[in-house]
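Topology and contacts: notes
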Amino acid sequence: MKRIFLVLIVISLTLIQPSYAHSGRTDSNGGHYDRSTGEYHYHHGFPAHQHTNGVCPYNNIDMTGKNSGSSSGGKGNSSSFSIQKEEKEDDEGWTSIVIPFLVIFGFLFLPGIILTIIGTVREFLNRDKIKQQLEQEEEERKQRQLRIEEEKKRKELQYQEEKEIYIQAYYGKSMQDIAYECGMPENAEIRSDGRPHTICAPPNEDEYVVFCSEHGKKFHRTDHCNYAARKPVHVLDVKILGPCCKCNPSLPNTSWYQQFSDIMKTLKQYGIHVPLFSLSCFETDEESDA
């Protein structure tokens, strides 16, 4: 874009500059030398011209006063015409500077001014459309906010309904009762760690407890095995270990425990507290906090 502007400026200066007379005073013959070409030409009140064969093309009009009546009149006319000529040349000098400047100014700034005016008019004409668009966006924002609030209320209502269902389903039950419903054997119980154990059995007699070394890959039934390191581990934690080939321990059925664990997690999610053994101490987290 800048290169186009520069080309237009150069073209405008080339076309405009020769069409205006140049400035400069004339000698007693009414002529002078052109500085740019070095050519001598005449003016004496007329455009630059040559006297071919010594004859002026404007000889029928005498602007220097040489052929006028009296010498005094000639001098007066000559002086008057000289002043007019100088003023005209000064005006032509200013014109040769101002007009190119205006052309350059027009090429540089006029497109921007026109575009600004067009944009202002377009904005003025489209203000109703813009206002309507803003109102529509505001209405859409309110609708989105309303849908979010309705979805939040729906989830809250669903949460309360599901919580009520679980309260009714497990009201008055302990963790032992829920575990038995899921399939826990009658000789097992849920202890404070939330895992099954043989009722009233120490670790050495608990069928849900095995023994293994710290970095071992086998588990043992008792701590009396030669390869045991006397470290008790619950059977739910030895899934990646294999049984000892010497004591050949067997693991109890714990397939029911996954269902029990899922139920307890759901009850905790809904803030429902289930006692470990007591059948009468059923309460929610809110009631226990009170």
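Scroll up for the structure.
Residues numbered from 1 in each chain as written. Predicted model: local features only at pLDDT ≥ 70, side-chain atom pairs only at ≥ 80, totals over all residues. Heavy atoms only, no water.

Right, let's get into the environment of Asp34. Turning to its location among the elements, Asp34 is positioned in the loop between strand 1 (31–33) and strand 2 (40–42). Through-space distance from the C-alpha of Asp34 to that of Ala48 is 9.8 Å; in sequence the pair is 14 residues apart. (Helix = DSSP H or I, 4+ residues; strand = E, 2+ residues; numbered from the N terminus.)

Let us now look at the nonpolar core. Judged by nonpolar contacts, the single largest core of 26 residues is most densely connected at Ile178, Ile190, Trp256, Phe260, Met264, Leu267 and Val274. Those elements that provide at least two residues to this core are helix 3 (127–170), helix 4 (175–182), strand 3 (188–190) and helix 5 (257–269). Of the residues forming this core, the biggest block, 5 residues, is contributed by helix 5. (Core = buried A, V, L, I, M, F, W, Y, C linked by side-chain atoms within 4.5 Å. Buried < 20%, exposed > 50% of the residue type's maximum accessible area, 1.4 Å probe, protein only.)

The next thing to look at is the side chain of Thr198. Position of Thr198 among the secondary structure elements: in strand 4 (residues 196–198). Contact partners of Thr198, with chain neighbours within four places excluded, come to Asn187, Ala188, Glu189, Arg191, Glu205, Asp206, Glu207 and Tyr208. (Contact = heavy atoms within 4.5 Å.)

Another aspect to go through is the packing of helix 3 against helix 5. Across the interface, helix 3 lies against helix 5 with an axial gap of 10 Å and an inter-helix angle of 125°. Between helix 3 and helix 5, the angle is such that the two are oblique. Note on packing geometry: the crossing formed by helix 3 with helix 5 is left-handed. Here Tyr159, Tyr166 and Tyr170 of helix 3 lie close against helix 5, whose contacting residues are Ile263, Thr266, Leu267 and Gln269. Grouping the constituent residues of the contact of helix 3 with helix 5 by class yields 5 nonpolar, 2 polar and no charged. (Axes fitted to C-alpha atoms, helices over the stretch in contact; angles between N-to-C directions. Parallel < 35°, antiparallel > 145°, perpendicular 65-115°, else oblique. Left-handed = near helix turned anticlockwise from the far one by under 90°. Nonpolar A, V, L, I, M, F, W, Y, C, P; charged D, E, K, R; others polar.)

All right, on to helix 4 then. Every buried residue belonging to helix 4 is among Met175, Gln176, Ile178, Ala179 and Cys182, and all of these are buried. Each buried residue of helix 4 sits inside an arc of 165° when the element is viewed along its axis, so together they form one side. The elements touched by buried residues of helix 4 are helix 3, strand 3 and helix 5. Just beyond helix 4, the residue with positive phi is Gly183, at close to 115°. (Arc of directions from axis to C-beta.)

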